[in-house]
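Report on the structure
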Amino acid sequence: PDYCVTMEPQIIAFNGSMETVIRAVNHPAKGRLMIEKQDVEWYGKKLSGAWFEVENKETGAVIHMVTNEEGVAMSPELPVGLMDKSGKILPYEYQVREIQAPDGYRRNLTVWKFRFENSNQATIFHHLKVENEETNLQFSKSNFQTGHFVAGATLSIYRTRVEQGVYVLDGA
């Protein structure tokens, strides 16, 4: 059946007697999700430290995954579906969200949905590529009363630290 592991071949010796019972049991396949994280502009740049939430939409079960130094996160084995009374597997839908971007990057707000593809392999893999853009900041100065931009304005950014509840310049 769909989403079940193919039974290993067995040697059956028939000696003319019907006393031997051979039973074949369907075992559901397991699924694994692999997330690959990379920079949107530098395709070879893999991103570590991205956190993802994976939710089984039918059961509500949630797992969290984080990308390693190679920009890859691999889930533990996940159920591919629920076996009904007839022995048919009804595939689960999973939803994936990035919950924390790597340092220096914006969180990707896309919500990915997937079901494991039917296979008779013991483990079914689903691959998801996720790209992130670097964080960028844009500043402008405007007149509070009119809202118009102030020409020639300059902005300085300083590193500070807190000492006794007060911000002071950090000479670094």
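First things first, this report covers the structure right here in the doc. (Residues numbered from 1 in each chain as written. Predicted model: local features only at pLDDT ≥ 70, side-chain atom pairs only at ≥ 80, totals over all residues. Heavy atoms only, no water.)

**Some words on the pattern of salt bridges**
To keep things clear, this is the line we draw: Whenever Lys or Arg places a side-chain nitrogen within 4 Å of a carboxyl oxygen from Asp or Glu, that contact is recorded as a salt bridge. Helix and strand assignments follow DSSP, with helices taken as H or I runs no shorter than four residues and strands as E runs no shorter than two, numbered in order from the N terminus. Under the scheme applied here, a residue whose accessible area is under 20% of the maximum for its type counts as buried, over 50% as exposed, and between as partly exposed, the area being computed with a 1.4 Å probe on protein chains only.
Enumeration over the complete set of coordinates arrives at seven salt bridges. Note that Glu93 is salt-bridged to Arg115, the shortest N-O span being 4.0 Å. Of this pair, Glu93 sits in the loop between strand S7 (89-91) and strand S8 (94-100) while Arg115 is found in the loop between strand S9 (111-114) and strand S10 (123-132), placing the two residues 22 residues apart along the sequence. Accessibility expressed as a relative area gives 38% for Arg115, which makes it partly exposed. Put simply, Arg161 and Asp170 hold a salt bridge, and the shortest N to O gap is 3.4 Å. Linked by salt bridges that have partners in common, Arg161, Glu163 and Asp170 make up one network.

**Looking at the environment of Glu133**
Keep this limit in mind: Pairs of residues are marked as contacts when any of their non-hydrogen atoms sit within 4.5 Å.
Within the element layout of this structure, Glu133 appears in the loop between S10 and strand S11 (160-163). Given the relative accessible area of 40%, Glu133 is considered partly exposed. Filtering out sequence-adjacent residues up to four positions away, Glu133 remains in contact with Val40, Tyr105 and Arg106.

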